[in-house]
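# Examining the three-dimensional arrangement
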Amino acid sequence: MQKKAGTGKRIAAVICLIVVAVGLYFVWRWAVPTPVAGQKTLTVEIVHGDGSRRSFPITTQEEFLGRALVEAGLVVDDQGDYKLYIQTADGETADSAKQEWWCLTKGGEPVNTGADSTPIADGERYELTLTVGY
């Protein structure tokens, strides 16, 4: 009985795909920060639309930033399709008609996760800045 042409190539391609998928999984596990249990103190600075700034120390047992912000009363928990949607921070509400939104940064650098999936550790500093324009 004769093999169909290309069967060996297909098997090799499937094996390569599996190896790549496993490799990507381990890279993802290595790169994703893990939450820290226990009490932590962090600072959240809110930069309002008029440029004024207010700094808030937060002491929490929460492991993720979103719940800590809600627990501290700094943001209103406007649940969106992707968990916490920050529309109001420190009493100021972003106006979507003006393309306003709250930008989350950590130590001045962009955060690549949503507030609900951003793990926190003791001593960290975050900023919420009212930003205009998508």
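All figures in this text were calculated on a predicted structure; none of them were measured in a lab. Positions within a chain are numbered from 1, following the residues in the order the chain's sequence is written. Owing to the predicted nature of the model, reporting of local features is limited to residues with pLDDT of at least 70; listing and counting of side-chain atom pairs is limited to 80 or more, with chain, interface and lining totals taken over all residues. Each side-chain value is worked out from all heavy atoms of the structure, with water and hydrogens disregarded.

Taken together, the side chains of Val14, Ile18, Val22, Tyr25, Phe26 and Trp28 present a nonpolar region at the surface, about 640 Å² in accessible area. Segments assigned H or I by DSSP are reported as helices when at least four residues long, segments assigned E as strands when at least two residues long, and all are numbered from the N terminus. Counting through the fold element by element, Val22 comes out in helix α1 (residues 7-31). The residues that make up patches have over 30% relative accessible area and no salt bridge, and they are joined within 9 Å when like-charged or within 5 Å when they are Val, Leu, Ile, Met, Phe, Trp or Tyr. The accessible surface values rely on the Shrake-Rupley method and a 1.4 Å probe; as for residues, cover is taken only from the protein chains in view. For salt bridges, the criterion is a side-chain nitrogen of Lys or Arg within 4 Å of an Asp or Glu carboxyl oxygen.

We now examine unusual backbone geometry. Even without being a glycine, Asp90 presents a positive backbone phi close to 50°. Of note, Asp90 is situated in the loop between β4 (83-89) and β5 (92-93). Phi at Gln99 takes a positive value of approximately 60°, unusual for a residue other than glycine. In this fold, Gln99 is placed in the loop between β5 and β6 (100-106). Exposure remark for Gln99: the relative accessible area of 37% places this residue in the partly exposed category. With a 1.4 Å probe rolled over the protein chains alone, any residue whose accessible area is under 20% of its type maximum counts as buried; one over 50% counts as exposed, and the rest are partly exposed.

One pass over the full model with this rule turns up four salt bridges. With a shortest N-O distance of 3.1 Å, Arg53 and Glu45 are connected by a salt bridge. Looking at Arg53, the relative accessible area reads 54%, which means it is exposed. Salt bridges sharing common partners tie together Glu45, Arg53 and Arg125.

A pair of strands is treated as paired once DSSP finds two or more bridges between them. In terms of strand pairing, strand β1 (residues 40-47) meets strand β2 (residues 53-60) through eight bridges, oriented antiparallel. Within β2, the residue paired with Thr43 across the bridge is Pro57. Connecting β1 to the antiparallel partner β2 that follows it, the hairpin turn spans five residues, and Gly51 within it adopts a positive phi of roughly 90°.

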